[in-house]
Amino acid sequence: MKAVLSRYGTTLTGMMVLATFIWLAVMVVLPYLVMVEFSFRPNLLPADLGTEKDHLTADNYGTLFRNTIHINVFIRTIWGSALATFLCLCVSYPVAYFLAKMATAKQAAVLLLLLVIPFWINEILRTFAWFIILAYNGPLNGVLQMFGFIDKPIRWIYGSNGVIAGMVYAYIVFMVFPVYNAIETLDRNQIEAARDLGASLWRIHARVVLPHAKPGIAVGCIMVFTAAAGSYIVPAILGAPGTRWFTEIIYQWFFEGQNWQQGSAYAFLLLALCIAFVMGMMRVFKVGLADIAK
Amino acid sequence: MSQDIALETVTKKFGDFTAVREVALNIRAGEFFSFLGPSGCGKTTILRMISGFIEPTQGVIRIGGQDMRGIGPNKRPTALIFQNLALFPLMPVWQNVAFGLEVRGVAKAVRRKKAEELLATVELADSAGKMVSDLSGGQRQRVAIARALAVEPQVMLLDEPLSALDLKLRQHMRAELRRIQKRTGVTFVYITHDQGEALTMSDRVAVMSQGVLQQVAVPMDIYNDPATAFVASFVGESNVFAGRVTETEGGTGRIETEAGSFVARLGAGVSRGDQALLFVRPEQMHLGAAAEAALNRIHAPFSHAEFEGNFVNVFCGTDGHKPLMSQTRSDPGVLALTPGAPMTLGFESADGVILPAGELARE
Amino acid sequence: MESRLTRIIVKIYLIVFLLYLFAPLFVMVIAAFNDSKFPTVMPWKGWTTRWFEDLWADDRMWGAVGNSILVGLAVVIIAVPIGTLAALLLDSIRGRTRSFLYGLMVAPLLVPGIIIGISTLIFWNRIGVPSGLHLSTVGQCSFICSYVMLMVLARLQRMDRSLEEAALDLGATHLQTLRLIVLPYLRTALLTAAVLAFFQSFENFNTTLFTRGGATTVTIFIASRIRTGVTPEVNALGLVLITITVAAAVIYTIRKKNTAAV
């Protein structure tokens, strides 16, 4: 604090501390704490507020864990997010490697710009575009039929297929950039040396490039997984009837069930999942928050 | 206008590390005063305490008699010239110079005029509208000086401002700084690790090592009468002999060393029986007839010689020992010597000084 | 250095990848001109601009655009100063406090948007503030501040601290130093952060969905159109937004390249 004061003086330091406090306390920490506290409260009529019924209870969590349908949706959300994350990694890795180690400076600049453009366009619009493409009478089936690959249209939006396809597309840049940044720091000579020693392409990547890219992969996975698990619009547009995402159930509790306490318990479970995933990745891959922030 | 500075047993600690230890000295008003020492000796810390960026852990700094505790850098009558100059890259030269006036609320036309006057005194009148990045190293130096002078400081603090310049320009700027200091009469406090800078420009020099003040004196005394082993070894070259003091009489003493028994001046703090160090400057270590006639003589084989133009450095000694060095006028006879030839070196007792054993400056 | 075969395979992969990246945008744009009640490119029923005319005449859409701009500007006004002040604070502290604050400041970027929305909704409701666009603004700020903070901090860390010290030494007050030295140095970063903050706000859906009350922003408008009575009007709006974002992305990239040299 002494360093801050001597650098900025009392007035500015006061403003800085105040602004930081407003942000972190009023906009970040307190709302989460209040949400968690709220999830331990019963959903009461206004008349019952303040009576003996108004006490802390774990009932909302009881309801959640007894509801096998919702638990199944939660498990599907985890599984679907993990699958989307893995597919994102598979699709992104070659692109990231090309950008970092094969492309000329000019090629890389152009490709980076091309990658950024779809990312800047609204997630809803991008998802909606896939809705058009994957529709039963849509262009994908049309093209495939035209070239004779298929006889009759395929129902693409079935189960979680559409959702996962949409998510891979929506979050691909979250993966490409961290992996690209990580591979870029790899010394080219290491690849050359491995090649000189007669390592196959597969072995070079498995033993040299991938281990080096680990922190980037971890960051990419964190970004994609949390985005996927917390996505509302992709499953809302591309989800087949009967395959809901956990976020959709949370929405129902808030705006259809009008039971915010119950919804808070569900939201807290989702938050806990994301925190657990982030912490797990950070520990396993030994990356810090500062790496993620890049 | 200038003021004196008093450091009253000033100590600065950073955590467990003591950067400056109980430094007490007075810098006189209008004086060109240098702090000389190797990097990490605490001289920059002292400068930053005088300018107000850091507060002493203990002790008081007074400028013009006024206690500076709790007074920020923007309220002290000092102006600092940074090692990297810290010119504002987004402002043209004249705005840099006028910055101190701008923040004091001086009207634009007035400060522009003042800036141009100052730029004229540092011979940069036609560069007022240029950006700093368009100037050469020497020109930037002078902009920094003009910018500091604009606030009419009573004390000018300079943090190794010449270190980034090439040799020629450095020598030119030494004279320039000295000229500006004499003309303005402002107290200059100059930080450097370059003894040449300190000795040529300063009225007085303070030598520091590891946070401790070693000696404060005029340049000639620093060189001829070093107070500690560190000063003797840091400033100029010396032949050093370690030994024990066996006799003392008045201002002279006898020291027994591996190379022989010598009589020389006694420095302060040396008594009979002490382990001590004898220092002899190479230009006072004679060869030939002068050596034979000298009171203290050493016999050693010739090793090699370095021709420096107007003089020659002659090195004598056996392998495994630090060679003895003698500096003499260029003489073809010396350059013709073959390694191993027996030599006699000698010095008068007034030209050697015995100092308490202590830390030596690293080569 | 790679063998020719690998190079060819990678090239083919990249072409397929780029097709995958841009096909949806292409389909989206073409569908906006198809004279079909339902947004699609097949079957093709002829060119039309009627969806743009419908869009132009749609009052709800204009209302939503107005709301989005309003929220976006409010977010810029709140998040840019807060993020900047937080970055200034973080830049001059060290050790545990710094790591702790940094963690808290970056955390909102990893929290799903709907949870930010829900926690904002509940917190303000409990202290008696009803939902509406003001809550959307606050909710969005909680993570957009993080972006601003990171961008400003990155720039501050490259700043030469002695410039600030020189200003103070020449007699400037701390406020003058901020105004005359630090802020001009941060100018580009602040501008970029403001533009980015506006776009982040404009594009936000998850946080807005829970906090908006009855109000409609552009993203909410699009989502509700897609779910109820979708017409190519959405595609027409999409084309407009795509044009704006592509232009912004290109300008941003070019500017970034230019300022990177400074």
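Residues numbered from 1 in each chain as written. Chains lettered and ligands numbered in written order. Predicted model: local features only at pLDDT ≥ 70, side-chain atom pairs only at ≥ 80, totals over all residues. Heavy atoms only, no water.

1. Let's talk about the domain arrangement of chain B
Residue and element names in this part refer to chain B.
Piece 1. When cut into domains, chain B gives domain 1 (5–229) and domain 2 (238–356).
Piece 2. Domain 1 and domain 2 are separated by 39 Å when their C-alpha centres are compared.
Piece 3. The partner domain 2 presents 8 residues to the 8 residues of domain 1 that form the contact.
Piece 4. When the two sides are added together, the surface that domain 1 and domain 2 hide from each other amounts to roughly 580 Å², 46% of it contributed by carbon and sulfur.
Piece 5. The largest share of the area that domain 1 buries against domain 2 comes from Y223, P226 and A229, three residues that together contribute 71% of it.
Piece 6. Inspection of the region where domain 1 meets domain 2 yields 1 salt bridge.
Piece 7. Where domain 1 meets domain 2, there are 4 residue pairs in polar contact (both at pLDDT 80 or more).
Piece 8. Of the residues forming the side of domain 1 that touches domain 2, the biggest block, 3 residues, is contributed by helix α7 (residues 219–224).
Piece 9. Looking at side-chain class alone, the side of domain 1 that touches domain 2 contains 5 nonpolar, 2 polar and 1 charged residues. (Domains from an automatic or database assignment. Contact = heavy atoms within 4.5 Å. Buried area = accessible area lost by both parts, 1.4 Å probe. Salt bridge = Lys/Arg side-chain N within 4 Å of Asp/Glu carboxyl O. Polar contact = N/O pair within 3.5 Å; in protein donor to acceptor, adjacent residues only side chain to side chain. Helix = DSSP H or I, 4+ residues; strand = E, 2+ residues; numbered from the N terminus. Nonpolar A, V, L, I, M, F, W, Y, C, P; charged D, E, K, R; others polar.)

2. Section: the interface of chain C and chain A
Piece 1. Counting residues at the interface gives 93 residues for chain C, matched by 90 residues for chain A.
Piece 2. There are 3 salt bridges connecting chain C and chain A.
Piece 3. Counting across the chain C and chain A interface gives 11 residue pairs in polar contact (both at pLDDT 80 or more).
Piece 4. Element by element, the count of residues in the side of chain C that touches chain A is highest for helix α1 (residues 4–31) of chain C, at 17 residues.
Piece 5. For the side of chain C that touches chain A, the per-class residue count stands at 68 nonpolar, 16 polar and 9 charged.

3. Looking at the interface of chain B and chain C
Piece 1. Tallying the contact residues gives 24 residues for chain B and 18 residues for chain C.
Piece 2. Of the roughly 1700 Å² buried at the junction of chain B and chain C (both faces included), carbon and sulfur atoms supply 64%.
Piece 3. Taken as a group, N74, F99 and V103 of chain B account for 31% of the area that chain B buries against chain C, more than any other trio of residues on that side.
Piece 4. Summed over the shared surface of chain B and chain C, the result is 1 salt bridge.
Piece 5. Counting across the chain B and chain C interface gives 8 residue pairs in polar contact (both at pLDDT 80 or more).
Piece 6. Of all the elements in the fold, those that place two or more residues in the side of chain B that touches chain C are α1 (43–51), β6 (78–81), α2 (93–102) and α4 (137–150) of chain B.
Piece 7. Broken down by class, the residue content of the side of chain B that touches chain C amounts to 15 nonpolar, 5 polar and 4 charged.

4. A short note on the side chain of N122 of chain A
Piece 1. Checked against the element boundaries, N122 of chain A lands in the loop between α4 (105–120) and α5 (123–134).
Piece 2. Setting aside anything within four residues of it in sequence, one finds N122 of chain A in contact with E203 and T219 of chain C.

5. Quick word on the sheet that holds strand β18 (residues 324–329) of chain B
Piece 1. Spatial ordering of the open sheet is given by β15-β19-β16-β17-β18 (chain B), a layout of 5 strands whose pairing is antiparallel. On the outer flanks of this sheet lie β15 (286–287) and β18 of chain B, each paired with one strand and no other. (Pairing = 2+ DSSP bridges.)

6. A closer look at the pattern of salt bridges
Piece 1. By the definition in use, this model includes 24 salt bridges over all chains.
Piece 2. The salt bridge involving D194 of chain B is made with R174 of chain B; its shortest N-O contact spans 3.9 Å. Highlighted residues: D194 of chain B in the loop between β8 (187–192) and α6 (195–201) and R174 of chain B in helix α5 (residues 167–184), separated in sequence by 20 residues.
Piece 3. R178 of chain B is the partner of D203 of chain B in a salt bridge, and the nearest nitrogen-oxygen pair spans 3.0 Å. With D203 of chain B in the loop between α6 and β9 (204–209) and R178 of chain B in helix α5, the pair connects residues that are 25 residues apart, well separated along the chain.
Piece 4. Residue class for D203 of chain B comes out partly exposed when judged on its relative accessible area of 25%.
Piece 5. Within this structure, R7 of chain A together with D91 and E164 of chain C form a network of salt bridges that share partners. (Buried < 20%, exposed > 50% of the residue type's maximum accessible area, 1.4 Å probe, protein only.)

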